[in-house]
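Inside the fold
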Amino acid sequence: MTIRRGIPPLLVLLALTGCTTDEPPSVQVGDVIRAPVTEVVEAPATIGARASATLRSPAQGTIAKLYVREGDHVRKGRLLAKIRSPQAQDQLEQARQASKTAKPASFATNVALPSFDTRAFDRKVAVHFARARKEAKKVKDVQTRRQLLNAIDLAQAQHRAQTQALASITARLNRSISGILSGVTSGLSTSMASLQAASKSQAKIAVKAAKSTVDSLTIKAPFSGVVTLGRASGGGASGGVGSLLSQLPGGGQLPSVPSAGSSSGSPVATGVPVSAGDPILTVTDVSELTLDADVDETDVLLVEKGAKAAVELDAVPGATYTAAVTGIGVTPMAGTTGGVSYPVRLTLGPGAFDDGSKAPTPKPGMSAVTRLTVRESPSAVSAPASAIVSSGRESVVWAIRNGVTERRVVKLGAQGDAVVEVLSGLSVGERIVVKGADSVRQGQRLP
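Residues numbered from 1 in each chain as written. Predicted model: local features only at pLDDT ≥ 70, side-chain atom pairs only at ≥ 80, totals over all residues. Heavy atoms only, no water.

Under the annotation held in an unreviewed UniProt entry, the chain carries the name HlyD family efflux transporter periplasmic adaptor subunit and is attributed to Nonomuraea rosea.

Next comes the structure, spelled out in structure tokens:
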């Protein structure tokens, strides 16, 4: 739970008057004065870095060369390690070969029926017609001879017409077949062309992914920071997430995310085998430290961007650091007491000890307590917090007029631990009950 703490001004404490022996010992009165009131919200927090990235092995292999040591400060783009992976090299070569063998498909669409060759048959028929005409000419009767020759001429003309009709039918059939085949093969050719284009595109993607994996075998710093070496699982071929990842096209470069590394396995060093996904090292940018505070739901609406804060660390007793709110989250987190809290991000400034000497720079992950200044009134109409009595949703103060108590409903502003700001209901100089207010009744006479 978040705790509010205030800054009790000495002026209010010194202004408490009217503590006479004539008053009941459990009741004290004092004057309403002007004094500074500051409302503070306490929240647990954790020190964080500006950025952190864990760089992992993209494929199974061995560490060919390690160029840094634990705790080294590196700049962006510096070579950190190289991994030797014959498996990744083989995948790249296979992808390139598959890309080269992809060829477009073609189809033969010229189909035609064979034409009927009737020339030999026509020659035989012509011979028979010639013989028949010769025999008909031998007939003595003129009328009969003429009729025979006319019949032969008619038969010969019919034969020629049938031959021409057969050729015409064959031509029409060929045109119909060609049209049908053209429609069928056109759609088939389009489909095959699309499949071929997709296959070629996939081959290019496979080459690109495999090349990306090979390129990732050379590990460089994504930004400037401090190096922390990881631990390798040993590079075995057993199952698990690493084995499955290595079977993806190109091996797949894992995303660089903060990670504490593996607690088991071999320390990363030259010659150590690694599996796909093993953390090789982590680069942490400590150029700017942040604070992640968990503010209770009852207080988070008071926190504004830019609010100042004082920070104390368990690791640096006696030191106080400055901080400022840079962002307020909206995703709730379950609290230990049943409520919820919200994340508040702050930038951490320099720190100093009580004697003014400079405090050391914290490290990411250290725990802290953040005291956020959420409301501040430098010259407020103020009253001791002990004078406020809660009555349902109302805040009540017992004022004293002509020696008699009078119930006043007041509106509060900034609320410190010992002093609160009164926005309405009281005026400077009025006398109020500051101790034992819960035992006072309306109209009670007090000196």
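The structure having been displayed, the exposition proceeds.
Quick look at the overall build of the chain now. Broken down by element type, the chain carries 5 helices and 24 strands. Long-range contacts, defined here as pairs at least 24 residues apart, represent 77% of the contacts in the chain between residues at least 6 apart. Approximately 26000 Å² of the chain is accessible, and the part contributed by carbon and sulfur atoms is 55%. (Helix = DSSP H or I, 4+ residues; strand = E, 2+ residues; numbered from the N terminus. Contact = heavy atoms within 4.5 Å. Areas by Shrake-Rupley, 256 points an atom, 1.4 Å probe, with all protein chains shown as cover.)

Now for the sheet that holds strand E5 (residues 61-66). Across the sheet, 4 strands lie side by side as E8-E7-E5-E12; this open sheet has antiparallel pairing. The open sheet has two edge strands with one neighbour each: strand E8 (218-220) and strand E12 (273-274). The pairing of E5 with strand E7 (residues 79-84) spans 4 bridges and is antiparallel. Within the sheet, the bridge partner assigned to Ile63 lies in E7 and is Ile83. (Pairing = 2+ DSSP bridges.)

The next subject is the pattern of salt bridges. The full count for this structure, using the stated rule, is 12 salt bridges. Between Arg431 and Asp31 there is a salt bridge, with the nearest N and O atoms lying 3.5 Å from each other. Pair noted here: Arg431 is in strand E24 (residues 431-435) and Asp31 is in strand E2 (residues 28-31), with a separation of 400 residues, a long-range link. According to the relative accessible area criterion, Arg431 is partly exposed, its value standing at 26%. A salt bridge links Asp292 to Arg345; its shortest N-O distance comes to 2.4 Å. Taken together, the residues Asp292 in strand E14 (residues 290-296) and Arg345 in strand E18 (residues 340-353) connect sequence positions 53 residues apart. A residue is classified by how much of its surface remains accessible, and Arg345, at 37% relative accessible area, is partly exposed. It is possible to trace a salt-bridge network through shared partners that takes in Glu42, Glu312 and Arg371. (Salt bridge = Lys/Arg side-chain N within 4 Å of Asp/Glu carboxyl O. Buried < 20%, exposed > 50% of the residue type's maximum accessible area, 1.4 Å probe, protein only.)

This part takes up the pairing of strand E23 (residues 419-424). Pairing analysis gives 3 bridges linking strand E19 (residues 367-384) to E23, with the strands arranged antiparallel. By the bridge assignment, Ser382 is partnered in E23 with Glu421. The pairing of strand E22 (residues 404-415) with E23 spans 3 bridges and is antiparallel. From the neighbouring strand, Leu412 faces E23, where its bridge partner is Val422. Here E22 folds back onto E23 in antiparallel fashion, the turn holding 3 residues.

Here we take up helix H3 (residues 119-137). An α-helical turn contains 3.6 residues, so any two residues separated by three or four positions project in the same direction. Across its 19 residues, H3 extends 27 Å between first and last C-alpha, which sits within 8% of the 27 Å expected from 1.5 Å per residue. Buried within H3 are the following residues: Val125, Phe129 and Ala136. All buried residues of H3 project into a common sector of 40 degrees when viewed along the axis, lining one side. Relative to its buried face, H3 has exposed residues pointing more than 90 degrees away, namely Arg119, Arg123, Lys124, Arg131, Lys134 and Lys137. (Expected span 1.5 Å × (residues − 1). Arc of directions from axis to C-beta.)

The strands making up a sheet associate through backbone hydrogen bonding, with each pair oriented either parallel or antiparallel. Taken in spatial order, the 4 strands make up an open sheet running E4-E13-E9-E6, and their pairing is antiparallel. Looking at which strands have only one partner, the edges of the open sheet turn out to be strand E4 (51-56) and strand E6 (73-74). One ladder, built from 4 bridges, connects strand E9 (residues 225-229) with strand E13 (residues 279-285); its direction is antiparallel. For Leu229, the partnering residue across the bridge sits in E13 and is Leu281.

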